[in-house]
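Each chain is listed here by its residues.
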Amino acid sequence: MSKALALVSGGLDSILAAKLVKEQGIEVIGICFRSYFFNEKNAKRMVKQIDIPLEVIDFSKEHFEMVKNPKHGYGKNINPCIDCHAMMMSYAGKLLEKMNADFIITGEVLNQRPMSQNKSSLNVVKKESGFADKILRPLCAKVLPPTQMELDGLVDRERLLGISGRGRKDQMELAKKWGIKDYPSPAGGCKLTEPNYAGRLKDLLTHKENVEERELELLKIGRHFRVSENAKIISTRTAEEADMIKELLKEEDLVFLCRDFKGSMVVIVGSPNEEDTEFAAKVTARYCKGKDEDSLVIRYNNYKHPLNEYIDVKAASDEELNKYMIK
């Protein structure tokens, strides 16, 4: 029996591609990647629906180095999709011999995404991966030249598909046919495609050369304000975010709360000066229930220390917030 490694992103297309090949009696093993910007949560849910095993590969550090300076540039935000897909296929290609598999499956669809899935980009991905003759794209195979797997009879080309373009009708019909009901929206799951996160990451890379993992996690929480070269303010939006941020703070980080009103937990990470600290207090005042008061008392101190330092401020204006907010 032939064996294939299917790149499973957690979206619908990749799981349909894997199922399409499995329907030909070929053993399929799912391969999913974990990085600082996406994980295997959706992939685990998807493989259960077509009953295939899943191997998770953590390539966070190497992937982040590529994200900083991708050979083929970024998409709409800070998503280096061409380089990312090539890196995944390179990893999968190196697993072929180890797992005694014959080829790689990917859920890419010709012309579904204007930058990363046009014919030129698909060819670049194949070439850059180093395993060009081992990559099969089942959903759009009939609008691409036959692969070696098809020519060798490992896969029946007639049972593959010729989907092209951005429409989702064919995929939705396949999902219904195979009883695949639980799947996320297209392009979901990768933080690099989200405008807010992308803006924050660009800001971080501009101001910090050696980025820590916790700084990348902090980008996912709250509102962010760049107040100086060496300091950034984060204002949580919910109690859940406040709990999340506590898991990421260091003792040198400053924490701010309004003394007399409920509201946002605000922190400064980095090396703030007096002006940064005062503005953090004003942000705290702005996102509390007493924001319309003429003056508010904000208590603060280093994380895990009693908040016994006090500063009286008026809430930051919308103009001040917009000046420093990272968007």
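Above: the structure in question.
Quick caveat, the model's predicted, so the values are computed rather than measured. (Residues numbered from 1 in each chain as written. Predicted model: local features only at pLDDT ≥ 70, side-chain atom pairs only at ≥ 80, totals over all residues. Heavy atoms only, no water.)

K.L.:
Lay out the sheet that holds strand β9 (residues 266-270) with the relevant residues and their values.
P.N.:
Taken in spatial order, the six strands of this open sheet run β6-β7-β9-β8-β10-β11, and their pairing is antiparallel. Every other strand in the sheet has two partners, leaving β6 (223-228) and β11 (309-313) as the edge strands with one partner each. On average, adjacent strands in this sheet sit at an angle of 25° to one another, irrespective of strand direction. For strand β8 (residues 254-258) and strand β10 (residues 296-302), the ladder comprises five bridges, and the chain directions are antiparallel. Across the sheet, residue Phe256 finds its bridge partner in β10, namely Tyr300. (Pairing = 2+ DSSP bridges. Helix = DSSP H or I, 4+ residues; strand = E, 2+ residues; numbered from the N terminus. Axes fitted to C-alpha atoms, helices over the stretch in contact; angles between N-to-C directions.)

K.L.:
Residue-level account of the pattern of salt bridges, with values.
P.N.:
Taken as a whole, this structure holds 20 salt bridges when the rule is applied. The partner of Asp13 in a salt bridge is Arg168, and the shortest N-O contact between them spans 3.1 Å. Linking Asp13 in helix α1 (residues 12-22) with Arg168 in the loop between α6 (148-151) and α7 (169-177), this pair joins segments that are 155 residues apart in sequence. For Arg168, a relative accessible area of 22% puts it in the partly exposed group. Note that Glu212 and Arg214 form a salt bridge whose closest N and O atoms lie 3.7 Å from each other. Each of Glu212, Arg214, Lys250 and Asp253 takes part in a single network of salt bridges with overlapping partners. (Salt bridge = Lys/Arg side-chain N within 4 Å of Asp/Glu carboxyl O. Buried < 20%, exposed > 50% of the residue type's maximum accessible area, 1.4 Å probe, protein only.)

K.L.:
Can you tell me about the environment of Ala242, naming the residues and giving the values?
P.N.:
The residue Ala242 is located in helix α10 (residues 239-246) in this model. Ignoring anything within four residues of it in the chain, the contact list for Ala242 reads Thr236 and Met265. (Contact = heavy atoms within 4.5 Å.)

K.L.:
An account of the sheet that holds strand β1 (residues 3-7) is needed here, citing residue identities and associated values.
P.N.:
Read from one edge to the other, the open sheet built from five strands follows the order β3-β2-β1-β4-β5, with strand pairing classed as parallel. Strand pairing shows two members of the sheet lacking a second neighbour, β3 (54-58) and β5 (135-136), which therefore form its edges. For strand β4 (residues 103-105) and β5, the ladder comprises two bridges, and the chain directions are parallel. Across the sheet, Ile104 pairs through a bridge with Ile135, a residue of β5. α1 rests against β1, β2 (27-34), β4 and β5 of the sheet, and its axis sits at about 135° to β4. Contacting β1, β2, β3, β4 and β5, helix α4 (residues 81-98) crosses the sheet at an angle of about 160° to β1.

K.L.:
Go over the side chain of Arg223, please, and point to the residues and values.
P.N.:
Positionally, Arg223 belongs in strand β6. A distance of 3.3 Å separates the side chain of Arg223 from the backbone oxygen of Thr236, its partner in a polar contact. Once residues lying within four places of it in the same chain are set aside, the contact partners of Arg223 are Arg200, Ile233, Ile234, Ser235, Thr236, Arg237, Ser264, Tyr287 and Met325. (Polar contact = N/O pair within 3.5 Å; in protein donor to acceptor, adjacent residues only side chain to side chain.)

K.L.:
Describe in detail the packing of aromatic side chains, supporting the description with residues and values.
P.N.:
One pass over the full model with this rule turns up 11 aromatic pairs. For the ring pair Phe33 and Phe59, a centre distance of 4.8 Å and an interplane angle of 40° mean the geometry is tilted. Of this pair, Phe33 sits in strand β2 while Phe59 sits in the loop between β3 and α3 (60-68), and the two are 26 residues apart along the sequence. Between Phe37 and Phe64 the ring centres are 6.0 Å apart and the planes differ by 55°, which places this aromatic pair in the tilted class. (Phe/Tyr/Trp six-rings, centres within 6.5 Å; stacked < 30°, edge-to-face > 60°.)

K.L.:
Just give me the short version of the environment of Arg113, but keep the residues and values in it.
P.N.:
Within the secondary structure, Arg113 is located in the loop between β4 and α5 (119-129). The spacing of Arg113 and Gly179 is 66 residues in sequence and 26 Å in space, taken between C-alpha atoms.

K.L.:
Lay out the nonpolar core in plain terms, naming residues and giving numbers.
P.N.:
Counting 37 residues, the largest nonpolar core has Phe37, Leu201 and Leu216 as its most contacted members. Among the elements that take part in this core, α4 stands out by supplying nine residues, more than any other. Excluding residues within four positions of it along the chain, Phe37 makes contact with His63, Phe64, Val67, Gly189, Cys190, Lys191, Leu192, Tyr197, Leu201 and Leu216. In this structure, Val21, Val28, Ile50 and Ile163 belong to the second largest nonpolar core, which totals 32 residues. (Core = buried A, V, L, I, M, F, W, Y, C linked by side-chain atoms within 4.5 Å.)

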